[in-house]
Amino acid sequence: MASSILSRMFRRKAKPKVEQLRDVETIKRRRLNAVIGIAVGLATLPLVALYLLLALSSFADRIVTGPDIIEAEYSTTNWKLLFQGKLEPAAGRLYDLRELIMIIVNTFIVALGVTVAVVLISVMAGYAFSRMKFRGRVGLMEFIILLHAFPGVALIIAVYAIYVWSLGAVPKDVLTEYRFLYTILARASLEIPMSIWLMKGFFDRIPWEVEWSAMVDGASRIRVWRQIVLPQIKPGIAAISIFAFLAGWEDLIYVHVFLYTGGIKTLATFLEEVIGNIETTYLPIAAAAGTLYLIPTIVFFVLTQKLLLEAMSGGVKA
Amino acid sequence: MVEVRLERVSKRFGRVVAVNNVNLQFPDGKFSALLGPSGSGKSTILYLIAGIYKPTLGKILFGDRDVTELPPKDRNVGLVFQNYALYPHMTVYDNIAFPLRLKKIDENAINDKVNNVSKLLRIQDLLERYPHQLSGGQQQRVALARALVKEPEVLLLDEPLSNLDALLRLTIRAEIKRLQQKLEITAIHVTHDQAEAMSMADYIAVIDRGSVQQVGSPWEVYNKPRNLFVATFMGSPPSNVLPGRIVRENGIWIDVGGSMVKPPERMVELLRESELDDVIVAFRPEHASIVKEPEEGYISIPAEVFVTEPLGRESIVTAMVGGSSVKVLMPPEAEFKPGESVYIQIQPDKLMLFDPITELNIEVARPGKS
């Protein structure tokens, strides 16, 4: 029985369909583009829509979520109040503009600090893993992947314990600097494993011959690295910079534990304060704070995007 | 310019012996080829000369200068790679100027030199472009210009033509040869293409498994192969090889696939002296022909036609002798049917015999007997 059904099915399938002869590759390409377009659209549209609503709400007298986009009244009041340090139209000033700017500066210190640390360490480590043979290289690389698997939250107790232990050696007058340094290094160390792998991939794409060529041309190893290798991995550096910057910018747990407890605020902890109790918060101002938090991310991404997409092909036939 | 000499050079990578006790001499101002299959160690030898690898044992000399311990930047060699290895983030001009800028030469002098060498290689119109905007042939010319601009004592070429298409390869081949002769530079060219080595080089060193198999002029290497490897590596198609058994009755005979062959006079003495029971019979496809009836004055072996491949200028006829196949070059009008019984007729003076154990040519390899 079953076999007869099967054979019937197959017979139907085997029937030659009349199809126009077309260029196989282009059909596939076109169809693929359509599929990718729809998939990317579906994946990003809800997020983009939410961000747009957030930005819109920051100018509105209420949180807009749908049809009320038309009814709401728009003004720059929320932003003015935010910069005046009033978290509700009727409330008193909680902070002044100078303090808000300091919060933004602090956030930049952490984000850029993490970026510098991540880029410096992973570019050098990535080069070593890509180019040098040493004992335990493969094992170490696998271990690094494992490190990446640990969530930062899981490590916080140990990281805090080390922090407390290390405090004994820190003079009181540089405590603030030490808090920043510790936050930056702790946060960077979470990003470094993945970045090392990314950088290794970029170094792997540069053939040995290019380096050899430069050495034969008369360059020292260091010069080859600086003048020949580094310029070719710019897109990779841009990529890990973005990830590192965002990691530092977005971080809440580490800045909370090591900075906020010391009275140093960043935008993440500021936002945490602004929202406070979600039921009583005046949300349009919180929306303005949220939008403020988004802006540098967008700017940073737009600035580095060109580098990311820059195709450095040719000149070397792999 | 300078003569390059390798003295008892070995290179080991861990347990792998890539180059084994090599003695080589690359004459001053001549074009030498290092010819061998992939993995033979020929590129390793080139990198040893460039200073990219350090020999495990042995010495490398440029003229009287011992360069064994010198880093590549102090050797003054020009190196061209198969994959061009241009710097993708620099323009053609900056690529060529790179070695000069490292020498801290005055920018005007650099400009002159870059312009001269680009005229020589006919790339003066491409100087403002980036490598990825160039064709393969243009990129290879830029790589050559970059290697030549610093006026190196030795030009090293690592399969520079392998990534180019067949037609372009012929053009650049002639161009490199012309440049080398014009500049009278010592050139060492690594290739696996025996036709390339034959056509370009003044001297060929055949390399296999990390050892030098034979050194000589293209003519010598082709016509007087020192061992079986050289005989079967050179030529397209390469030499035919048939197993033979020596029969010592009524003089000396060789049993090839069941038929008795009388070796040429000059070999009889050599064979008699040797204690060989078996021998490998070899001959080049162009030194034999296929006939229906054997003629006087040739060595004839009965065979059966397997297939005929017409190539326009000639045809390659494959015939079976015993269990082995033999390829013979015939004029294009020759017609044979598969399965036809024929004779392979070899010119006696072109016959080669090899010791099956040492694989050495019994005529060439015996000292004092050639």
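None of these values were measured; they are calculated from a predicted model.

Reading the values: rules and limits
- Residues numbered from 1 in each chain as written.
- Chains lettered and ligands numbered in written order.
- Predicted model: local features only at pLDDT ≥ 70, side-chain atom pairs only at ≥ 80, totals over all residues.
- Heavy atoms only, no water.
- Helix = DSSP H or I, 4+ residues; strand = E, 2+ residues; numbered from the N terminus.
- Buried < 20%, exposed > 50% of the residue type's maximum accessible area, 1.4 Å probe, protein only.
- Contact = heavy atoms within 4.5 Å.
- Areas by Shrake-Rupley, 256 points an atom, 1.4 Å probe, with all protein chains shown as cover.
- Lys, Arg positive; Asp, Glu negative; His and termini not counted.
- Charge placed at Lys NZ, Arg CZ, Asp CG, Glu CD.
- Pairing = 2+ DSSP bridges.
- Axes fitted to C-alpha atoms, helices over the stretch in contact; angles between N-to-C directions.
- Buried area = accessible area lost by both parts, 1.4 Å probe.
- Salt bridge = Lys/Arg side-chain N within 4 Å of Asp/Glu carboxyl O.
- Polar contact = N/O pair within 3.5 Å; in protein donor to acceptor, adjacent residues only side chain to side chain.
- Nonpolar A, V, L, I, M, F, W, Y, C, P; charged D, E, K, R; others polar.
- Domains from an automatic or database assignment.

Engineer: Sorry, what's going on with the overall build of chain B here?
Structural biologist: Looking only at helices and strands, chain B features 9 helices and 20 strands. Dimensions of chain B along its principal axes, counting C-alpha atoms only, are 80 × 45 × 35 Å. Here chain B, with 370 residues, has 53% of them falling under the buried criterion. Sequence separation of at least 24 residues holds for 67% of the intrachain contacts in chain B that already meet a minimum separation of 6. Total accessible area on chain B is roughly 16,600 Å²; 49% of this is exposed by carbon and sulfur atoms. Within chain B, one finds 43 positive and 47 negative side-chain charges whose respective centroids are separated by 6 Å.

Engineer: In this structure, what is going on with the sheet that holds strand 8 (residues 186–191) of chain B? I would like to understand it.
Structural biologist: Sheet strands pair via backbone hydrogen bonds, and the direction of the pair is either parallel or antiparallel. All names here are of chain B. Sheet architecture is open: 6 strands sit in the order 6-7-8-3-9-10, paired in mixed fashion. Across the chains shown, the open sheet's two edge strands, defined by having one partner strand only, are strand 6 (77–80) and strand 10 (211–216). Across this sheet, the average inter-strand angle for adjacent strands is 15 degrees, counted without regard to direction. When strand 3 (residues 31–35) meets strand 8, the two strands line up parallel, connected through 5 bridges. Its bridge partner being in strand 8, Ser32 is matched across the sheet by Ile188.

Engineer: Would you explain the interface of chain A and chain B in this entry?
Structural biologist: Where interface size is quoted, it is often the accessible area lost as the parts come together. Each partner contributes to the interface: chain A provides 23 residues, whereas chain B provides 27 residues. When chain A packs against chain B, close to 2,300 Å² is buried across both sides, 63% of that on carbon and sulfur atoms. Our count for the contact surface shared by chain A and chain B stands at 2 salt bridges. Here A:Asp217 ties to B:Lys150 by a salt bridge, and the two come within 3.3 Å at their closest N and O atoms. Across the chain A-chain B interface, the total number found is 7 residue pairs in polar contact (both at pLDDT 80 or more). For the side of chain A that touches chain B, the secondary-structure elements that each account for two or more residues are helix 9 (208–216) and helix 10 (221–232) of chain A. Counting residues per element, the side of chain A that touches chain B draws most heavily on helix 9 of chain A, which supplies 7 residues. Across the side of chain A that touches chain B, the residue classes break down as 11 nonpolar, 8 polar and 4 charged.

Engineer: Looking at this model, I keep getting lost on the domain arrangement of chain A. Mind explaining?
Structural biologist: Residue and element names in this part refer to chain A. Split into domains, chain A comes out as domain 1 (2–57) and domain 2 (94–312). The interface is formed by 4 residues belonging to domain 1 together with 5 residues belonging to domain 2. Summing both sides of the interface, domain 1 and domain 2 together bury roughly 340 Å²; the carbon and sulfur share of this comes to 77%. Interface area lost by domain 1 to domain 2 is led by Tyr51, Leu54 and Ser57, which between them contribute 85%. For the side of domain 1 that touches domain 2, a count of residues per class yields 3 nonpolar, 1 polar and no charged.

Engineer: Got a minute to help me understand the pattern of salt bridges in this structure?
Structural biologist: Opposite charge on two side chains makes pairing possible when the charged atoms of those side chains draw close. Residue and element names in this part refer to chain A. This structure, assessed with the given rule, holds 27 salt bridges over all chains. Close ionic contact of Asp61 with Arg62 constitutes a salt bridge, the shortest N to O distance being 3.4 Å. Residue classification places Arg62 among the partly exposed positions, given a relative accessible area of 31%. Salt bridges here are not isolated pairs; linked through shared partners, they connect Asp61, Arg62 and Glu71.

Engineer: Just checking my understanding: could you explain the pairing of strand 16 (residues 299–310) of chain B for this structure?
Structural biologist: For a regular strand, side chains alternate in direction, first toward one face of the sheet and then toward the other. Residue and element names in this part refer to chain B. Both strand 16 and strand 19 (residues 341–346) contribute to a ladder of 6 bridges, which runs antiparallel. Paired with Ile299 across the bridge in strand 19 is Ile346. Looking at chain direction, strand 16 and strand 17 (residues 315–321) are connected through 6 bridges and run antiparallel. Note on strand 17: the bridge partner recorded for Glu309 is Ile316. Taking the residues between adjacent antiparallel strands as the criterion, strand 16 and strand 17 are bridged by 4 residues, where Gly312 takes a positive phi near 95 degrees.

Engineer: Just checking my understanding: could you explain the sheet that holds strand 1 (residues 4–13) of chain B for this structure?
Structural biologist: Residues and elements named next belong to chain B. A sheet is described by the order of its strands in space; here 4 strands give the open sequence 2-1-4-5, paired in antiparallel fashion. The outermost strands of the open sheet, each flanked by one partner alone, are strand 2 (16–26) and strand 5 (65–66). Pairing of strand 4 (residues 57–62) with strand 5, which is carried by 2 bridges, proceeds in the antiparallel orientation. Considered in strand 5, the bridge of Phe62 is made with Arg65. Lying over the sheet, helix 1 (residues 42–50) contacts strand 1, strand 2 and strand 4, oriented at roughly 115 degrees with respect to strand 1.

Engineer: Quick question: what am I supposed to make of helix 9 (residues 265–273) of chain B here?
Structural biologist: Considered for burial, the residues of helix 9 of chain B that qualify are B:Met267, B:Val268, B:Leu270 and B:Leu271. Against strand 11 (240–247), strand 12 (253–256) and strand 20 (352–354) of chain B lie the buried residues of helix 9 of chain B.

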